[in-house]
Amino acid sequence: MQAYTPGEQPRGGELIKLNTNENPFPPPPAVVKAICDAASGPLNRYPNPMAQSFRVAAAEALGLPGPEWILAGNGSDEILTILVRGFVGEGECLRLPHPSYILYRTLADIQGAKWEQVSFETDWSLPAAFSQSDEKLRLVLLPNPNSPSGTTIAPSEVERIANSLDCPLVVDEAYVDFANDNCVDLVKRNERVLVTRTLSKSYALAGIRFGYLVAQPHVIAELAKIKDSYNCDMISIAAATAAVQSKDWLAGIRTTMNATRERMSLRLSQLGFHVTPSQANFVWCQHPDGNHQAIYEHCKAGGYLIRYMTYHGYGDGLRISVGTDDQVDACLQLIQQWLQAQ
Ligand SMILES: *Cc1c(COP(=O)(O)O)cnc(C)c1O
């Protein structure tokens, strides 16, 4: 099978990373303290198999009836693995939009399952084909906000899609803390809506590996049967529990990063890019006569790593993560320099 290739993770730290949508800021101070406390705890013992302390804190933070609505995982990528393992058997099919998160395809390949891509419309809405049920279709996955576009599908539309399918709909909310809406309330009234979240982006904890699923309790109970017994370790459970309790910290990060995103979007459009309005911590942009690959190379040579992407049917473009104001300014400076030299 073809391997999934994650974004470049250069060693050494001489490049500023604006390529994999990590958070440029340190995580909440309460998280660092929780990690230190956990490190002097009983590490000779196995952790709680369901990460119960996290589930209680997350249910409280999300306004859910109780911890039985949450399944914790080793990153949301593991949650996605559990979902595909649980719902999509050999020879069956999952559906994803295009262009979006291609890890889903790898997860189908691992199961010996098929995947089907439905292309977004040019305005980043979804065509009717995305909501059509099909005999072999077992799971539909929708990143919301989507990557690379940063665009969203409104919860009312998500609900309409869920209701017209015969199988569960996974709403991958990796970037939702930067967006205006989320789909957690849909989970409460529709057993077929499954929401995944990660601490990697908004909580600045990509190095910790923690994600979770929000679903109705009977769905969580079935999926818990097929996870590794101890899929989350004591240190990351402690970190994640402290993270979801850091509401004020999160609100501050959201305000700061969304302001930088808007400034970056405006500046890119002034430089002649077509910028897709983003509700995530990155921006997708395309220059009408820019050579995107050359701009990427120029930024890299100047010490800034951004993401050059090319998608069948959509052409190529640049996905730039929201960094600190200084990082973004320096990167924009490099891009401007390249454009002016043409
Ligand atoms: C980053 C990302 C994830 C992965 O999150 P982890 O918790 O780090 O595994 C999942 N889905 C999408 C769409 C992402 O961009």
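Residues numbered from 1 in each chain as written. Predicted model: local features only at pLDDT ≥ 70, side-chain atom pairs only at ≥ 80, totals over all residues. Heavy atoms only, no water.

Draft legend 1. Region of the structure containing unusual backbone geometry. In the segment running from His-98 into Pro-99, the intervening peptide bond is cis, with an omega of -5°. That bond from Asn-144 to Pro-145 is cis: its omega, 0°, falls within 30 degrees of zero. Within the secondary structure, Pro-145 sits in the loop between strand S5 (137-143) and helix H5 (155-164). Positive phi outside glycine occurs at Ala-204, with the angle close to 60°. Relative to the helices and strands, Ala-204 is located in the loop between strand S7 (193-198) and strand S8 (211-214). Judged by its relative accessible area of 15%, Ala-204 falls in the buried class. (Helix = DSSP H or I, 4+ residues; strand = E, 2+ residues; numbered from the N terminus. Buried < 20%, exposed > 50% of the residue type's maximum accessible area, 1.4 Å probe, protein only.)

Draft legend 2. Structural view of the site of the ligand. As a matter of local geometry, the ligand sits amid Gly-75, Ser-76, Asp-77, Tyr-101, Asp-172, Ala-174, Tyr-175, Thr-198, Ser-200, Lys-201 and Arg-209. In this structure, Ser-76 approaches the ligand through a main-chain N or O atom, which is 2.6 Å from an oxygen atom. Tyr-175 is positioned such that a nitrogen or oxygen atom in its side chain is 2.5 Å from an oxygen atom of the ligand. Coverage of the ligand by the protein amounts to 92% of the 390 Å² it exposes when considered alone. Among the residues forming the shell around the ligand, the class breakdown is 3 nonpolar, 4 polar and 4 charged. (Near = heavy atom within 4 Å. Polar contact = N/O pair within 3.5 Å; in protein donor to acceptor, adjacent residues only side chain to side chain. Areas by Shrake-Rupley, 256 points an atom, 1.4 Å probe, with all protein chains shown as cover. Nonpolar A, V, L, I, M, F, W, Y, C, P; charged D, E, K, R; others polar.)

Draft legend 3. Inspection of the domain arrangement of the protein at higher detail. As assigned here, the protein comprises domain 1 (16-26 + 248-341) and domain 2 (29-246). For domain 1 versus domain 2, the distance between C-alpha centres works out to 26 Å. Across the boundary between the two partners, domain 1 contributes 27 residues, which contact 27 residues of domain 2. Interface area, domain 1 with domain 2, both sides summed: about 2,200 Å², of which 58% is carbon and sulfur. Of all residues in domain 1, Leu-250, Gln-279 and Tyr-314 give up the largest surface area on contact with domain 2, accounting jointly for 31% of the area buried on that side. The interface formed by domain 1 and domain 2 includes 0 salt bridges. Sorting the residues of the side of domain 1 that touches domain 2 by element identifies helix H9 (247-270), strand S10 (282-286) and strand S12 (307-311) as the ones contributing at least two each. (Domains from an automatic or database assignment. Contact = heavy atoms within 4.5 Å. Buried area = accessible area lost by both parts, 1.4 Å probe. Salt bridge = Lys/Arg side-chain N within 4 Å of Asp/Glu carboxyl O.)

Draft legend 4. Geometry of helix H8 (residues 234-244). Most of H8 is tucked away: 8 of the 11 residues are buried. Of all the positions in H8, only Ser-236, Ile-237, Ala-239, Ala-240, Thr-241, Ala-242, Ala-243 and Val-244 are classed as buried. Tucked inside the fold, the buried residues of H8 contact helix H1 (29-39), helix H2 (52-62) and H9. The N-cap of H8, judged by a side-chain oxygen 3.0 Å from the amide nitrogen of Ile-235 a few residues on, is Asp-233.

Draft legend 5. Structural view of the sheet that holds strand S9 (residues 274-275). Strand order in the open sheet made by the 4 strands is S9-S10-S13-S12, with antiparallel pairing throughout. The open sheet has two edge strands, S9 and S12, and neither has a second partner. Relative to S10, S9 runs antiparallel, the two being bridged by 2 bridges. By the bridge assignment for S10, His-274 is matched with Gln-286. Against the sheet, H9 makes contact with S9, S10 and strand S13 (315-321), and its axis sits at roughly 10° relative to S10, the strand it touches most. (Pairing = 2+ DSSP bridges. Axes fitted to C-alpha atoms, helices over the stretch in contact; angles between N-to-C directions.)

Draft legend 6. Summary view of the sheet that holds S8. Across the sheet, which stays open at both edges, the 7 strands sit in the order S2-S8-S7-S6-S5-S3-S4 with mixed pairing between neighbours. Taken across any chain shown, the strands that pair with only one partner, and hence form the sheet edges, are strand S2 (70-73) and strand S4 (114-119). For this sheet the average axis-to-axis angle between neighbouring strands, irrespective of direction, equals 25°. Lying over the sheet, H2 contacts S2, S7 and S8, oriented at roughly 125° with respect to S2. Together, S2, S7 and S8 form the strand contacts of helix H7 (residues 217-224), whose direction differs from that of S2 by roughly 35°.

Draft legend 7. Layout of the packing of aromatic side chains. Inspection of the entire model under this criterion finds 10 aromatic pairs. When the ring of Tyr-175 is compared with that of Phe-282, the centres are 4.8 Å apart and the planes differ by 80°; the resulting orientation is edge-to-face. Residue Tyr-175 is located in the loop between strand S6 (169-172) and helix H6 (184-189), and its partner Phe-282 is located in strand S10; the two are separated by 107 residues in the primary sequence. You can call Phe-282 buried: its relative accessible area is 0%. Pairing Trp-284 with Tyr-311 gives two aromatic rings, centres 5.9 Å apart and planes at 70°, and the pair type is edge-to-face. (Phe/Tyr/Trp six-rings, centres within 6.5 Å; stacked < 30°, edge-to-face > 60°.)

Draft legend 8. Focus on the nonpolar core. One finds Phe-54, Leu-268, Phe-273 and Ile-335 to be the most contacted residues of the largest nonpolar core, which totals 81 residues. Among the elements that line this core, the one with the most residues is helix H11 (residues 325-340), at 7 residues. Two domains share this core, each providing at least three of its residues, namely domain 1 (16-26 + 248-341) and domain 2 (29-246). In terms of nonpolar packing, the next biggest core, distinct from the first, is built from 24 residues, Leu-71, Val-84, Leu-107 and Ile-220 among them. (Core = buried A, V, L, I, M, F, W, Y, C linked by side-chain atoms within 4.5 Å.)

Draft legend 9. Structural context of the pattern of salt bridges. According to the stated counting rule, one finds 12 salt bridges in the structure shown. Ionic pairing is found between Lys-33 and Asp-37, a salt bridge with its closest N-O pair at 2.9 Å. Here Lys-33 and its partner Asp-37 are both found in helix H1, 4 residues apart, which amounts to about one turn of the helix. The class of Lys-33 is exposed, set by a relative accessible area of 53%. For the salt bridge of Arg-197 with Glu-173, the shortest nitrogen-to-oxygen distance reads 2.8 Å. Placement of Arg-197 in strand S7 and of Glu-173 in the loop between S6 and H6 is noted, with a sequence separation of 24 residues between them. Taken individually, Arg-197 and Glu-173 each receive the classification buried, so the pair is uniform in this respect.

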